[in-house]
Amino acid sequence: MIRARVIGAGACLPSNIVTNDDLAKKMDTSDEWIQGRTGIKQRYIALPGEKTSDLALGAARAALADAGIDAGELDMIICATTTPDESFPATATVVQARLGMTKGAAFDVQAVCSGFIYGMSIADSLIRTGAARTILLIGAETMSRLLDWEDRTTCVLFGDGAGAVVLQAHMGTGTNADQGILNTRLFSDGRLHDMLYADGGVSSTQGAGKLRMQGKEVFKHAVTNIAAAIVASAEAANIPLDQIDWFVPHQANQRILDGTAKKLGIDPAKVVSTLAVHGNTSAASVPLALVTAIQDGRIKRGDLVLLEAMGGGFTWGAALLRW
Ligand code: UT7
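Cut-offs applied
- Residues numbered from 1 in each chain as written.
- Predicted model: local features only at pLDDT ≥ 70, side-chain atom pairs only at ≥ 80, totals over all residues.
- Heavy atoms only, no water.
- Domains from an automatic or database assignment.
- Contact = heavy atoms within 4.5 Å.
- Salt bridge = Lys/Arg side-chain N within 4 Å of Asp/Glu carboxyl O.
- Polar contact = N/O pair within 3.5 Å; in protein donor to acceptor, adjacent residues only side chain to side chain.
- Helix = DSSP H or I, 4+ residues; strand = E, 2+ residues; numbered from the N terminus.
- Nonpolar A, V, L, I, M, F, W, Y, C, P; charged D, E, K, R; others polar.
- Axes fitted to C-alpha atoms, helices over the stretch in contact; angles between N-to-C directions.
- Parallel < 35°, antiparallel > 145°, perpendicular 65-115°, else oblique.
- Left-handed = near helix turned anticlockwise from the far one by under 90°.
- Core = buried A, V, L, I, M, F, W, Y, C linked by side-chain atoms within 4.5 Å.
- Buried < 20%, exposed > 50% of the residue type's maximum accessible area, 1.4 Å probe, protein only.
- Pairing = 2+ DSSP bridges.
- Right-handed = clockwise from strand over helix to strand, strands pointing away.

S.K.: Explanation requested: the domain arrangement of the protein in the structure shown.
M.R.: A common way to state how big an interface is: give the accessible area lost once the parts meet. According to the domain assignment, the protein consists of domain 1 (2-171) and domain 2 (180-322). Using only C-alpha atoms to locate each centre, domain 1 and domain 2 end up separated by 15 Å. Each partner contributes to the interface: domain 1 provides 53 residues, whereas domain 2 provides 48 residues. Run the count over domain 1 and domain 2 and you get 1 salt bridge. The salt bridge involving Asp148 is made with Arg212; its shortest N-O contact spans 2.9 Å. Inspection of the region where domain 1 meets domain 2 yields 19 residue pairs in polar contact (both at pLDDT 80 or more). Of the residues forming the side of domain 1 that touches domain 2, the biggest block, 8 residues, is contributed by strand β1 (residues 2-12). Tallied by class, residues from the side of domain 1 that touches domain 2 come to 26 nonpolar, 16 polar and 11 charged.

Given below as structure tokens:
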């Protein structure tokens, strides 16, 4: 059985760090409120002119270098983003050109904060069916461009960045002992649109709009939906939760991470959190957290790793991998 195995991972962050105290100088907020309610201490904000494709390219190059392969070996590039450089073409094609890749295909995936999980599910399917052998999957965002900086209830939460993985076909036995993606589970419920959305778009306002969120409502759904996605993925592989080595969640709020771990009886020490440094980077948050835990030596070959996310739509999902 063919499995999609991660053979390299990399990240890219803007050079510009904005702390909670920096924000408190510009608006009615405080480090105490932001840290206490979310766990966020700082976030990276792209400099003027710095685009999503710049961050995506940085992460792509780092992932390719980590995999030890050249862009010419890629069959496909998938970029998960809600903040593309332009309405079209896809940011993935901008990365394709800048990597000097002249074959294959490149396209974007739009599932907001769940985009990396959706992209992983698509890449897994393409690799397992033999349609592609090697895929670069990127999560990249400049969420700072989509924020209403007059709305303190949302603008303090988000940041910019990108993370990427290279997935490659690998022959497995079809058991849970195989390295690679064991399964993915995707969900959405479009009825919950009004809880988290951008109030603009090409066909409605001819602009990008600004992010709007009913934070308390999103919070309640987040714990329930994320817990359900984790259970669905673990059950599909018939793996008890306590056998999973690392949980790499979407980084929206430390209280969501803690609440989900508590609900499922997961040891909080197994939950990777980068909220304090990255804030919420939407589709980039899972790969940024993943790269952090790989580079600091927590995630090792052979470990069972469960990725999960939830975002606007609502969309949510999980992916279970043997590293
Ligand atoms: O990535 C997609 C998924 N997103 C999420 O999962 C986000 C989910 N939601 C959350 O993380 C939380 O709901 C927030 C962090 C957004 C807000 O936390 P909360 O505990 O739900 O706070 P709240 O909205 O109920 O606000 C509490 C108080 C309010 O004041 P009053 O009405 O009690 O006087 C707000 O006006 O905090 C006030 N407040 C702030 N104060 C200082 C709201 N934002 C700020 C701020 N600084 N930035």
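Continuing now.
S.K.: Help me understand the packing of helix α7 (residues 215-236) against helix α8 (residues 254-264), please; the structure alone is not making it clear to me.
M.R.: Helices that pack against each other are described as a pair by the angle of their axes relative to one another and the distance between those axes. Taken N-terminus to C-terminus, the directions of α7 and α8 make an angle of 50°; their axes are 9 Å apart at the nearest point. Relative to α8, the element α7 lies oblique. The handedness of the crossing between α7 and α8 is right-handed. Only Arg255, Ile256, Gly259, Thr260, Lys263 and Leu264 of α8 make contact with α7, whose side of the interface consists of Phe219, Ala222, Val223, Thr224, Ile226, Ala227, Ile230 and Val231. Here the contact of α7 with α8 is composed, by residue class, of 9 nonpolar, 3 polar and 2 charged.

S.K.: Before we go on, may I ask you to explain the nonpolar core in this structure?
M.R.: Generally speaking, nonpolar side chains in soluble globular proteins are found buried as a group. The biggest cluster of nonpolar side chains holds 43 residues, and the ones touching the most others in it are Ile244, Phe247, Phe314 and Leu320. Sorting the residues of this core by element identifies α7, α8, β12 (304-311) and β13 (315-322) as the ones contributing at least two each. Structurally, this core is a two-domain feature, drawing no fewer than three residues from each of domain 1 (2-171) and domain 2 (180-322). In contact with Ile244, other than residues within four places in its own chain, are Ala234, Ile239, Lys270, Leu304, Leu306 and Leu320.

S.K.: How should the pairing of strand β4 (residues 76-80) be read in this particular structure?
M.R.: Two faces belong to every sheet, and in a regular strand the side chains alternate between them. β4 sits mainly inside the fold: 5 of its 5 residues count as buried. Burial of the side chains of β4 extends over both faces: Met76, Ile78 and Ala80 are buried on one face and Ile77 and Cys79 on the other. Pairing geometry for β4 and strand β5 (residues 105-109), over 5 bridges, is parallel. Along β5, the bridge assignment pairs Cys79 with Asp108. You can see the chain leave β4, run along helix α4 (residues 91-99) and come back into β5, and the turn it takes is right-handed.

S.K.: So what exactly am I meant to see when it comes to the sheet that holds β12 here?
M.R.: The pairing of strands in a sheet comes from backbone hydrogen bonds and takes either a parallel or an antiparallel form. The strand order β8-β13-β12-β11 describes an open sheet built from 4 strands, whose pairing is mixed. With partners counted over all chains shown, the strands left at the sheet margins are β8 (180-188) and β11 (246-249), one partner each. For this sheet, the mean inter-axis angle between neighbouring strands, taken without regard to orientation, is 15°.

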